[in-house]
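# Architecture and fold: a report
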Amino acid sequence: MPIFGYQVCLFRRGKGARPLFTVRAWMIALPVAVLVALVVVNAFLWRYYAGYDRLSRLAEDGRGALADQKSTSLRLKERMERVESEVTRIAAFNEKLGVMVDFDPAREASPLGVGAPGPDLAAASGLYFLRQGVLTRKMNEFLEYLGQEIALQEVLQQQLRHSLREKKLEFEARPSLWPMAGYITSTFGPRRSPFGRRADFHNGVDIKAPYGTPIHAPGAGRVTDVDYQSGYGLRVVIVHDYGISTLYGHLKSATVTPGQEVKRGQLIAYSGNSGRTTGTHLHYEVQVNGTPVNPMRFMLN
């Protein structure tokens, strides 16, 4: 079988042609086949690397989105915990205020029910392990609930503060202090008259103390009278809020004037024995809506 090929010769002047080597057909076909194979392989590899880069970018984008979702979820979780802590703090403070002013939050709360049970934080936190979209929705619902709870608690706190302010004003106005240091020699009610054997009704209490002992207002109010009156001698009358007034009789002197506003514990007079009296003492009366009542009901200390 003949073998086709090409012969490469070297020609020299005067010596003729000298064969060097023969180029066979396969020697040409083999490189061409290798080149074609390389082109085909590179084409397949190019498609693979191009797809790999796209998948890598998609994977990187997915990891970034997942990291953003996780970061958002963590921020929502932290915010939820802070808001729930604030709700707990406000509710605890409201409860303390309620105890101070005898205020029932359940009675005063809105129909929505301040303090009603809401979503469980632990359950909401557990949703972190579910799909990120569901977690975000649940957390937003919980935050909305907590926002409503805070608003209701703030309304309740305003009501408590108003009630506490009213209680404070009432406490300051109520004549709950002893007007003078001493001891009681005559109580409220029926008694034998110190000026004879007949019976009479004592409208107040008599407090015994040395002449010139300071007398202080047992509650805040406004002075209406500083004058001499038969039987009482020099007297001072103070009108308090809530229909309560107090009278101080048999005084040596007064340190207040009609129309003057006085505070609880403020000096108003000095004890004496003016008027109809058997000795130095303070006659102290408390009236509610114009009717004398037992001062011992108010004298707490």
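Residues numbered from 1 in each chain as written. Predicted model: local features only at pLDDT ≥ 70, side-chain atom pairs only at ≥ 80, totals over all residues. Heavy atoms only, no water.

### Concerning the overall build of the protein chain
When its secondary structure is counted, the protein chain shows 4 helices and 15 strands. With 301 residues in all, the protein chain has 29% of them scored as buried. For the protein chain, long-range pairs separated by at least 24 residues make up 63% of all intrachain contacts whose partners lie at least 6 apart in sequence. Carbon and sulfur atoms provide 58% of the accessible area of the protein chain, an area that totals close to 19400 Å². (Helix = DSSP H or I, 4+ residues; strand = E, 2+ residues; numbered from the N terminus. Buried < 20%, exposed > 50% of the residue type's maximum accessible area, 1.4 Å probe, protein only. Contact = heavy atoms within 4.5 Å. Areas by Shrake-Rupley, 256 points an atom, 1.4 Å probe, with all protein chains shown as cover.)

### Considering the sheet that holds strand S7 (residues 214-216)
What the 3 strands build is an open sheet, ordered S7-S13-S11; its pairing is antiparallel. Of all the strands in the sheet, just S7 and strand S11 (251-254) have a single pairing partner and so form its edges. Strand-to-strand twist across the sheet, computed as the mean angle between neighbouring axes with direction ignored, equals 35°. Here S11 pairs with strand S13 (residues 267-271) via 3 bridges, running antiparallel. (Pairing = 2+ DSSP bridges. Axes fitted to C-alpha atoms, helices over the stretch in contact; angles between N-to-C directions.)

### Overview of the nonpolar core
With 23 residues, the main nonpolar core has Ile 215, Ile 238, Tyr 248, Leu 251 and Ile 268 as its most contacted residues. Secondary-structure elements contributing two or more residues to this core are strand S6 (204-208), strand S9 (233-239), strand S10 (244-249), S13 and strand S14 (281-288). Discounting residues that sit within four places of it in the chain, Ile 238 has contacts with Ala 217, Gly 221, Arg 222, Val 223, Ile 244, Ser 245, Thr 246, Tyr 248, Val 262 and Ile 268. (Core = buried A, V, L, I, M, F, W, Y, C linked by side-chain atoms within 4.5 Å.)

### A short note on unusual backbone geometry
Notably, His 250 is not glycine yet its phi reads approximately 65°, a positive angle. With respect to the helices and strands, the residue His 250 is situated in the loop between S10 and S11. Non-glycine residue Asn 289 carries a positive phi angle of around 55°. Mapped onto the elements of the fold, Asn 289 is located in the loop between S14 and strand S15 (291-293). Overall, the relative accessible area of 66% leaves Asn 289 in the exposed class.

### Thoughts on the packing of aromatic side chains
Scanning all chains against the criterion turns up 2 aromatic pairs. Summarising the aromatic geometry, the rings of Phe 188 and Phe 201 are spaced 5.3 Å apart at their centres and angled 85° between planes, so their arrangement reads as edge-to-face. Taken as a pair, Phe 188 in the loop between strand S3 (183-186) and strand S4 (189-192) and Phe 201 in strand S5 (residues 199-202) lie far apart in primary sequence, 13 residues in all. (Phe/Tyr/Trp six-rings, centres within 6.5 Å; stacked < 30°, edge-to-face > 60°.)

### Here we look at the pairing of S14
Taken residue by residue, a regular strand's side chains alternate between the two faces of the sheet. Counting buried residues along S14, 6 of its 8 residues qualify, which places the element largely inside the surrounding structure. The pairing of S10 with S14 spans 6 bridges and is antiparallel. Looking at the pairing, Leu 247 lines up with Glu 285 of S14.

### Details of the pairing of S9
Taking burial as the measure, the 7 residues of S9 include 6 buried ones, the bulk of the element. In this structure, strand S8 (residues 221-229) lies alongside S9, joined through 7 bridges in antiparallel fashion. Along S9, the bridge assignment pairs Tyr 228 with Leu 234. Examined bridge by bridge, S9 and S10 share 4 bridges and lie antiparallel to one another.

### Considering the confidence of the model for the protein chain
Taken over all residues, the pLDDT of the protein chain has a mean of 76, while the share at 70 or more is 66%. Below pLDDT 50 for its whole length, residues 108-119 participates in 17 contacts with residues either more than four positions away or in separate chains. Throughout residues 121-129 the model reports pLDDT below 50, and contacts reaching past four residues in sequence, or to other chains, amount to 15 contacts. (pLDDT = per-residue confidence, 0-100.)

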